[in-house]
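Secondary and tertiary structure notes
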Amino acid sequence: MNKQKRIEFFARLRAHNPRPTTELNYASPFELLVAVILSAQATDKGVNKATDGLFRVAPTPRAMLALGEEGLKAHIKTIGLFNAKARNIIKTCRILVDSYGGQVPAQRRELESLPGVGRKTANVILNTAFGEPTIAVDTHLFRVANRTGLAPGKTPLAVEKRLLKVVPEAFRQDAHHWLILHGRYVCTARRPRCGACLVADLCEYGYKETSPAGTPAAARMVAAE
Ligand code: SF4
């Protein structure tokens, strides 16, 4: 996808949703960190349901340690892999209290050293809690970047590096959320909704799902202009 198309691509996503953000509920960097750890292989909706009660009793690392691993498990047992996630969250809270004064560090290296926090989670925290123009590549974003031709790559890291190069600076801060939301609700894994897609005429995917008339709706609209 050339530069002019990339600018148009993000301009349309921005016009549609000027202030995109995460669908996880949180009120502090710590709550966001816990929510993102819990969200691995789980839906944001399921995580929000669990954290609604959890954050009322444990909104800080110290309160989480006081709640304890078993207490934490009782809140998150509806979420997949909850045993391992509870273990990691408690270990992370111990490190936050002992080494960072109970605060979530704002540096990648420190974040990635926390149990349960990999590059993707660190990118979400840096972007959403600390306002850095990082791009976390999850399954949705990986699919959208490859399908559209925006930033093809064989691994999430390759896609992330390419996106950081090709996303115009003006859109970099919010690119992560626009692409995730686009992948979650429009460019879905099994049946992408090409007929309702804002960027169908810019997208380079060769197997677009078409409307009954045989032409993606957005492309028909452009052709009619
Ligand atoms: S046209 Fe289809 S494949 Fe391309 S971005 Fe839109 S939904 Fe995805």
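Please refer to the structure higher up on the page.
Below you will find a few notes about this structure.

What counts as what
Residues numbered from 1 in each chain as written. Predicted model: local features only at pLDDT ≥ 70, side-chain atom pairs only at ≥ 80, totals over all residues. Heavy atoms only, no water. Helix = DSSP H or I, 4+ residues; strand = E, 2+ residues; numbered from the N terminus. Buried < 20%, exposed > 50% of the residue type's maximum accessible area, 1.4 Å probe, protein only. Near = heavy atom within 4 Å. Nonpolar A, V, L, I, M, F, W, Y, C, P; charged D, E, K, R; others polar. Contact = heavy atoms within 4.5 Å. Axes fitted to C-alpha atoms, helices over the stretch in contact; angles between N-to-C directions. Parallel < 35°, antiparallel > 145°, perpendicular 65-115°, else oblique. Phe/Tyr/Trp six-rings, centres within 6.5 Å; stacked < 30°, edge-to-face > 60°. Lys NZ or Arg CZ within 6 Å of the ring centre and 35° of its normal.

**A few points about the overall build of the protein chain**
Secondary structure summary: the protein chain contains eleven helices and zero strands in total. Counted from the first residue to the last, the protein chain has its helices and strands arranged as α-α-α-α-α-α-α-α-α-α-α. With respect to the three principal axes, the spread of C-alpha positions in the protein chain is 65 × 35 × 30 Å. For the protein chain, the proportion of its 225 residues judged to be buried stands at 45%.

**Describing the site of the ligand**
In the vicinity of the ligand, the contacting residues are R147, T148, H182, C187, P192, C194, C197, A200, C203, Y205 and K208. Here the shell around the ligand is built from residues that sort into seven nonpolar, two polar and two charged.

**Digging into helix 2 (residues 29–38)**
Burial of helix 2 is extensive: nine of the ten residues sit out of reach of the surface. By the burial criterion, the buried members of helix 2 are F30, E31, L32, L33, V34, A35, V36, I37 and L38. Contacts made by the buried residues of helix 2 are with helix 3 (44–57), helix 4 (61–76), helix 5 (82–100) and helix 7 (119–129).

**Digging into the side chain of H182**
Within the secondary structure, H182 sits in helix 10 (residues 169–185). By relative accessible area, H182 is classed as buried at 6%. Apart from the residues lying within four places of it in its own chain, the contact partners of H182 are L13, V144, C187, C197 and V199.

**Focus: the packing of helix 1 (residues 3–16) against helix 10**
For the pair helix 1 and helix 10, the least separation of the axes is 10 Å and the interaxial angle reads 70°. As far as their axial angle goes, helix 10 and helix 1 are roughly perpendicular. Across from I7, F9, F10, A11, L13 and R14 in helix 1, the residues of helix 10 making contact are A170, F171, A175, W178, L179 and H182. By residue class, the composition of the contact of helix 1 with helix 10 is ten nonpolar, one polar and one charged.

**Let's talk about unusual backbone geometry**
Positive phi outside glycine occurs at Q41, with the angle close to 55°. Tracing the sequence through the fold places Q41 in the loop between helix 2 and helix 3. Phi at L81 is positive, roughly 60°, even though this residue is not glycine.

**Regarding the packing of aromatic side chains**
The final tally for this structure, using the stated rule, is four aromatic pairs. For the pair F9 and F10, a centre-to-centre distance of 5.3 Å together with 65° between the ring planes defines the contact as edge-to-face. In this structure F10 comes out as buried when scored by relative accessible area, which is 0%. Arranged with centres 6.2 Å apart and planes meeting at 65°, the rings of F171 and W178 form a pair that is edge-to-face. We note that F171, like W178, is buried. An aromatic cluster is built from F9, F10, F171 and W178, whose rings are joined through pairwise contacts. In this structure, R147 is placed above the aromatic ring of Y205, and the distance from its NZ or CZ to the ring centre is 5.0 Å.

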